[in-house]
Amino acid sequence: MKTHITMKEMPESEQPLEKCVRYGAQALSDAELLAVILKTGTRNQTALQLAQFFLSRREKNLLNLVNMRPEEMKEIPGIGQVKAAQLKCIAELAERIAKTSRLRDVRLNEPASVAGYYMESLRHKTKENLLSAMFDARSNLLGEEIISVGTVTNALVSPREIFMKAMEYRAAHIVLLHNHPSGDPTPSEADLAVTRRVEEGGKLLEIVLADHIIIGDNRYISFRENGLLG
């Protein structure tokens, strides 16, 4: 006796794709949205059931798209190399959309706006990433460059590389940002020492270190706001 129901055998009003077409994507649950992307399940489960099982793993929510490695995803029956790649692409698109929408609000003299712009791209990193954000004389964001990717506890910092990148962009101001994988953005003695070195180097080159922002778990610390810059 057949007990498994395919997506096509579900009432049309309950099929995620049909529901999306009729009512819009906003009417779908997280699992239903994923089911539309996955399209197919396995012999024993629908795409919706596969999506629900995926969301029940690890973080038990949509953060699985960000935090699960493709190898972890492929351990789930029904998710192979192609589907794992598709899911990681969805996570990357979501991050880029969020970042793009915040770009217009970035203000050099407002650390919260700079931290917010980079928050999602840094807070989930498992190693320290140091990047330099470059601004022109009118405080417009010109772009950013990853300076180093370190271990869980520290990044390998090269002030020389920081200023080489700044000069390539013809930047007048730079903001250093790095993440603390522990989630605690409190600066270490090494963070303080590196900041002083970069600040002094900037004075010689007439490139202002406007701030150093440390990203934690959905929180940040700004050296500028806390009076830690000269």
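Before going into details, it helps to say that this report is about the structure given with it. Worth saying up front: this structure is predicted, and the values here are computed from it rather than measured.

Here's the deal with the overall build of the protein chain
Here's step 1: Broken down by element type, the protein chain carries nine helices and five strands.
Here's step 2: Counting helices and strands in the order they occur from the N terminus, the protein chain gives α-α-α-α-α-α-α-β-β-α-β-α-β-β.
Here's step 3: The principal-axis extent of the C-alpha atoms belonging to the protein chain is close to 80 × 35 × 30 Å.
Here's step 4: Expressed as a percentage of the 230 residues in the protein chain, the buried residues total 41%.
Here's step 5: For the protein chain, the share of sequence-separated contacts (at least 6 apart) that also reach a separation of at least 24 residues comes to 55%.
Here's step 6: A total of about 13200 Å² of accessible surface is found on the protein chain, and carbon and sulfur atoms cover 53% of it.

Considering the nonpolar core
Inside soluble globular proteins, nonpolar side chains tend to come together where they are buried.
Here's step 1: Membership of the largest hydrophobic core comes to 18 residues, with the highest contact counts inside it found for Leu34, Phe54, Met73, Ile79 and Leu87.
Here's step 2: If you list the elements that add at least two residues to this core, you get α2 (30-38), α3 (47-55) and α6 (81-103).
Here's step 3: Apart from the residues lying within four places of it in its own chain, the contact partners of Leu34 are Ala51, Phe54, Leu55, Leu62, Leu65 and Leu87.

So, the environment of Ile97
Here's step 1: Looking at the secondary structure, you find Ile97 in helix α6.
Here's step 2: Looking at Ile97, the relative accessible area reads 58%, which means it is exposed.

Quick notes on the packing of α2 against α3
Here's step 1: The N-to-C vectors of α2 and α3 enclose an angle of 120 degrees; their axes lie 8 Å apart at closest approach. Considering the angle they form, α2 stands oblique to α3. In the packing of α2 onto α3, the handedness of the crossing is right-handed. Where α2 abuts α3, its residues Asp30, Ala31, Glu32, Leu34, Ala35 and Leu38 lie against Ala47, Leu48, Leu50, Ala51, Gln52, Phe54 and Leu55.

Some points on the packing of aromatic side chains
Here's step 1: Across all of its chains, the model carries one aromatic pair by this definition.
Here's step 2: Judged by centre distance (4.8 Å) and plane angle (80 degrees), the ring pair of Tyr117 and Tyr118 falls under edge-to-face. Side by side, Tyr117 and Tyr118 carry an identical accessibility label, which is buried.

Topic: the layout of surface pockets
Here's step 1: Considering only enclosed or pocket space, the largest pocket measures out at about 810 Å³ in volume.
Here's step 2: Among the secondary structure elements, those contributing two or more residues to the lining of the largest pocket are α4 (64-67), α6, α7 (111-122), β1 (129-135) and β2 (141-149).
Here's step 3: Counting residues per element, the lining of the largest pocket draws most heavily on α6, which supplies seven residues.
Here's step 4: The residue makeup of the lining of the largest pocket, split by class, is 10 nonpolar, nine polar and 14 charged.
Here's step 5: The computed volume of the second largest pocket comes to approximately 290 Å³.

Some thoughts on unusual backbone geometry
Here's step 1: Its identity as a non-glycine residue notwithstanding, Arg170 has a phi of 55 degrees, on the positive side.
Here's step 2: Following the sequence through the fold, Arg170 ends up in the loop between α8 (159-168) and β3 (173-179).

How each quantity is defined
- Residues numbered from 1 in each chain as written.
- Predicted model: local features only at pLDDT ≥ 70, side-chain atom pairs only at ≥ 80, totals over all residues.
- Heavy atoms only, no water.
- Helix = DSSP H or I, 4+ residues; strand = E, 2+ residues; numbered from the N terminus.
- Buried < 20%, exposed > 50% of the residue type's maximum accessible area, 1.4 Å probe, protein only.
- Contact = heavy atoms within 4.5 Å.
- Areas by Shrake-Rupley, 256 points an atom, 1.4 Å probe, with all protein chains shown as cover.
- Core = buried A, V, L, I, M, F, W, Y, C linked by side-chain atoms within 4.5 Å.
- Axes fitted to C-alpha atoms, helices over the stretch in contact; angles between N-to-C directions.
- Parallel < 35°, antiparallel > 145°, perpendicular 65-115°, else oblique.
- Left-handed = near helix turned anticlockwise from the far one by under 90°.
- Phe/Tyr/Trp six-rings, centres within 6.5 Å; stacked < 30°, edge-to-face > 60°.
- 1 Å grid on protein atoms, 1.4 Å probe; cavity = no way out; pocket = protein on both sides within 12 Å on 5 of 7 lines; lining within 4 Å.
- Points joined across faces, edges and corners; volume = space filled by probe spheres on them.
- Nonpolar A, V, L, I, M, F, W, Y, C, P; charged D, E, K, R; others polar.

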